[in-house]
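Examination of the molecular architecture
Okay, here's what each chain looks like letter by letter:
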Amino acid sequence: MSVEAHPAPATAQQIVEIRPDRGWLDLDLGAVWRYRELLVVLMLRDIQVLYKQALLGAAWAILQPVFAVVIFTIVFGYFARMPTDGIPYPVFAFAGVLPWTYFAEAVRRSGTGLVNDAELVRKVYFPRLIMPLANVISPLLDFVIAFCVLLVLMAFYGIAPSWKMLVIPPLMVISALLALSIGLWLGPINVRFRDIKHTLPFIIQIWMYASPIVYPLSMVPAQWQGLYSLNPMVGVIEGFRWAVFNQGEPNFAALAVSGVVIIFLLAGGLVFFRRMERTFADVI
């Protein structure tokens with residue numbers, strides 16, 4: 001079902017037309033633009049809810065990746081002596097943890113957002129696609145705050161920023177699109193099967209160790225790197241490290257694989273989300 005607002009003369013009321021879907025590919029993406037103000041409101045609400053009445057406020061955006069890096073440095077850097085291609089392990093790990101933390105949080109929020117806002121879904125009409133979009137965009141504030149800590153850590157170890165950091169925003173767009181595509185699948189499934197929210201943290205944890213966060217991509221045998229790169233976060237994390245440390249060359253093959261996987265997941269997710277959207281209010 002779609003709602004279209006038609007312009008009317010100043011003396012007349014606005015005409016709103018409610019129509020059924022027109023086939024599988026009727027995604028009605030234009031409605032998201034028409035409700036863009038609601039998207040901004042939901043994003044600001046997510047940020048305010050996260051930090052309102054929090055003892056440490058925005059410091060949580062720093063503590064989460066910092067604690068993870070401290071643990072990884074002790075276990076994998078000190079005890080396991082994990083190779084880092086000549087980069088100090090704390091800053092090496094931080095450069096992997098930072099994009100992963102954003103991605104994991106965006107997936108978590110977009111995968112459970114529909115159920116968490118069940119009252120809103122039941123009572124008010126708006127394009128439901130706005131909800132996973134807001135869930136994916138709002139964690140970017142945490143990323144920006146933690147990125148400032150990375151810059152401080154780089155200065156401590158004498159690593160100078162380079163122009164290659166301009167590649168970071170496109171990499172985060174890729175990460176956001178991947179998180180959105182996964183949220184478009186998990187969100188509707190979570191509406192019908194509520195145990196998704198219990199299995200999602202486990203899936204994210206397994207996915208983290210299947211990504212080059214605590215170890216470099218060079219540790220993966222050459223004959224397995226093609227299969228390993230089917231993980232879309234491999235290209236993002238390796239590209240992020242290349243942009244931060246200004247060493248070597250970006251892994252274009254991994255980024256290409258990431259792009260292809262994201263295109264298929266996103267296209268299928270949009271269709272799946274749209275078809276399931278009609279039952280959200282009844283099932284949720």
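Let us look at the structure shown here. (Residues numbered from 1 in each chain as written. Predicted model: local features only at pLDDT ≥ 70, side-chain atom pairs only at ≥ 80, totals over all residues. Heavy atoms only, no water.)

Points about the side chain of Ser258
Test applied: Put simply, DSSP H or I for four residues or longer makes a helix, DSSP E for two residues or longer makes a strand, and each gets a number counted from the N terminus. Counted as a polar contact is a pair of N or O atoms within 3.5 Å, where, for protein atoms, one must be capable of donating a hydrogen and the other of accepting one, and residues adjacent in sequence contribute only when both atoms are in side chains.
Examined against the element boundaries, Ser258 turns out to sit in helix α12 (residues 252-277). Polar contacts involving the side chain of Ser258 include one to the main-chain carbonyl oxygen of Pro232, which spans 2.6 Å.

Quick look at the nonpolar core
Note the following rule: By nonpolar core is meant a set of buried Ala, Val, Leu, Ile, Met, Phe, Trp, Tyr and Cys residues that side-chain atoms within 4.5 Å join together. Throughout this description, buried means an accessible area under 20% of the type-specific maximum (1.4 Å probe, protein chains only), exposed means over 50%, and partly exposed covers the range between. Pairs of residues are marked as contacts when any of their non-hydrogen atoms sit within 4.5 Å.
Grouped together as the largest cluster of nonpolar side chains are 78 residues, with contacts concentrated most on Leu150, Ile168 and Phe240. In terms of residues, this core owes the most to one element, helix α4 (residues 89-116), which gives 16 residues. Not counting residues up to four positions away in its chain, the partners in contact with Phe240 are Ala95, Leu98, Pro99, Phe143, Phe147, Leu150, Ile168, Leu171 and Met172.

A word on helix α7 (residues 140-156)
Keep this limit in mind: A helix's residues, less one, multiplied by 1.5 Å, set its expected span. This arc corresponds to the set of directions leading from the helix axis out to the C-beta atoms.
Its 17 residues give α7 an end-to-end C-alpha distance of 25 Å, which sits within 8% of 24 Å, the value for a rise of 1.5 Å per residue. When α7 is considered as a whole, its buried residues turn out to be Asp142, Phe143, Ala146, Phe147, Leu150 and Met154. Mapping the buried residues of α7 onto a view down its axis gives an arc of 130 degrees, with all of them on the same face. Those residues of α7 that are exposed and angled more than 90 degrees off the buried face are Val152, Ala155 and Phe156. Where α7 is buried, its residues meet α2 (36-51), α3 (60-79), α4, α8 (168-192) and α11 (232-245). Positioned one or two residues after α7, Gly158 has a phi angle of 70 degrees, which is positive.

Some remarks on the layout of surface pockets
In plain terms, the rule: Only protein atoms enter the 1 Å grid, on which a cavity is a set of points fitting a 1.4 Å probe that cannot get out and a pocket is an open set with protein on both sides within 12 Å along at least 5 of 7 lines, lining residues being those with an atom within 4 Å of a point. Grid points are joined across faces, edges and corners, and a volume is the space filled by probe spheres set on the points. Each residue receives one of three labels: charged for Asp, Glu, Lys and Arg, nonpolar for Ala, Val, Leu, Ile, Met, Phe, Trp, Tyr, Cys and Pro, and polar for the others, Gly being one of them.
Taken as a whole, the largest pocket encloses approximately 340 Å³ of empty space. Lining the largest pocket are 14 residues, with Gln64, Trp100, Ala104, Ile204 and Met208 sitting closest to its centre. Here the element with the most residues in the lining of the largest pocket is α4; it accounts for six residues. Grouping the constituent residues of the lining of the largest pocket by class yields nine nonpolar, three polar and two charged.

What to know about unusual backbone geometry
The backbone of Arg81 shows a phi angle near 55 degrees, a positive value even though the residue is not glycine. With respect to the element layout, Arg81 can be found in the loop between α3 and α4. Residue class for Arg81 comes out exposed when judged on its relative accessible area of 59%. A positive phi is found at Asp85, a non-glycine position, where the angle reads about 60 degrees. Looking at the secondary structure, you find Asp85 in the loop between α3 and α4.

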